[in-house]
Amino acid sequence: MKIVNVETLSCDAGWRNYHFVKIETDEGLVGWSEYDEGFGSPGVSAVIEQLARGLVNAPVPGPQRFYAEAYSRTRPAAGGVVGEGIGALENALLDLRGKILGVPCYELLGGKVRDELRVYWSHCPAWRINHPKYFGPPVTDLDGVKAMGSEARERGFTALKTNLFLFDDGPAHAWRPGFAAPFYPELNADRRLIRNLRDNLEALRDGAGPDMEILLDLNFNFKTEGYLKLLRAIADHDLFWVEIDSYNPEALAYIRQHSPFPVSSCETLFGAREFMPYLRNNAVDVAIVDAVWNGVWQSMKIADLADTHEVNVAPHNFYGHLCTFMNAHFACAAPNFRIMETDIDRLAWDDELFTHAPEYRDGHLIVPDRPGWGTDPVEEALRAHPPKQGGGLIQPRPKH
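Computed from a predicted model, the values in this text were never measured in an experiment.

What counts and what doesn't
Residues numbered from 1 in each chain as written. Predicted model: local features only at pLDDT ≥ 70, side-chain atom pairs only at ≥ 80, totals over all residues. Heavy atoms only, no water. Buried < 20%, exposed > 50% of the residue type's maximum accessible area, 1.4 Å probe, protein only. Helix = DSSP H or I, 4+ residues; strand = E, 2+ residues; numbered from the N terminus. Pairing = 2+ DSSP bridges. Axes fitted to C-alpha atoms, helices over the stretch in contact; angles between N-to-C directions. Parallel < 35°, antiparallel > 145°, perpendicular 65-115°, else oblique. Contact = heavy atoms within 4.5 Å. Nonpolar A, V, L, I, M, F, W, Y, C, P; charged D, E, K, R; others polar. UniProt positions renumbered as here; feature names shortened; annotations may be inferred.

> Outline the pairing of strand S3 (residues 30-35), listing residues and values.
Here S3 lies mainly inside the structure; 5 of its 6 residues are buried. Linking strand S2 (residues 17-25) back to S3 in an antiparallel pair, the connection comprises 4 residues, with glycine 28 at a positive phi of about 90 degrees.

> So, the packing of helix H3 (residues 80-101) against helix H12 (residues 296-308): which residues are in play, and what are the values?
How two helices pack is summed up by the angle between their axes together with the distance between the axes. Interaxial distance between H3 and H12 falls to 8 Å at its minimum, and their mutual angle equals 100 degrees. Accordingly, the angle class assigned to the pair H3 and H12 is roughly perpendicular. In contact with Glu90, Asn91 and Leu94 of H3, H12 contributes Val296, Trp297 and Gln298. Taken together, the residues of the contact of H3 with H12 break down into 3 nonpolar, 2 polar and 1 charged.

> With reference to specific residues and values, describe the sheet that holds S3.
Strand order in the open sheet formed by 3 strands is S1-S2-S3, and the pairing between neighbours is antiparallel. Only two strands of the sheet have a single neighbouring strand rather than two, namely strand S1 (3-12) and S3. On average, each strand axis in the sheet is tilted by 20 degrees relative to the strand beside it, whichever way the strands run. Examined bridge by bridge, S2 and S3 share 6 bridges and lie antiparallel to one another. Pairing of valine 21 across the sheet is with serine 33, part of S3.

> Please set out the UniProt feature "domain: Mandelate racemase/muconate lactonizing enzyme C-terminal" (unreviewed entry) in the protein residue by residue, giving values where relevant.
Mapped onto this numbering, the UniProt entry annotates "domain: Mandelate racemase/muconate lactonizing enzyme C-terminal" (unreviewed entry) at residues 145-262. Taken end to end, residues 145-262 comprises 41% helix and 16% strand; its first and last C-alpha atoms sit 24 Å apart.

See the structure below:
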């Protein structure tokens, strides 16, 4: 069986675009993956186009062969956008191989360990604050935050993750200086921000009740001093974890040693080599793995490495439905799985873009048993929602 065509497709995803790789064979089988070009990653599609030239008119390679060759060809600049392109093709090849063999992708990863995956409702209430045009009802104040906590509990979820917002100068809005929104390169944690964070956490707890696990994502928004100041100020809250991004494993280890909460990190890292110093320095309680960027085959190797360091893993998953399925196969096959990120607030047209949507039950994602990833993009639906022009850079928020 030979590959006859590799192409990328994209569609409108409201405030961003969804992106897909399609690999076609001479026997009619098609492999799919989803990738991202909007989270600070302009140029992934161009990388895929270059790498695809080595696949067309060649036999379908296994994931080991493909990755070894692609990595060797890009070794001077492996990682980053190049790594994302390799991961996107690796994931489409895994889907294709699963369909060739007629088995779910988790069988290619050693078989599943579990049939369902505990999830947390991510970006709660971020999507309804940042993108009220697409996700509703809009959240503009702390009463709306409390209502979202209640909604998560009533819908059977047992965990949710929130972000940083300001509520005291008009409608609620996000605080993301680590992504230049606003541009505030000092990355300091001041009293006003801490006060607003405490208000947010208290509103969520009031709505969600005492049994809900609350996770806090701090991203790249502070330096070491700021993280420590903020963590001391919220130490009386009961949090499942704090998510902290840092490119300095020693600094993150220092934060972890002084944190009243477990620390998760690593979602922007590529490959086992980049994860190694964080594991060696005991910098994380949970290693977050972006299987969309790294490729699911390589992500299993990262999970195994984390396991040898007594660390659990959690998928980074804030994309479309296909990515949720891809991450589900990774998470169900990794023995050291902790919990899975998922976005419950969805676009009005999300489900029509795919042959199958994720199934949730009592705060858990049900692992599909269909061949490949268990869902395919619907090309007619993609064409009905043409992509926005531009993208790739994180867009600044209006100043308040």
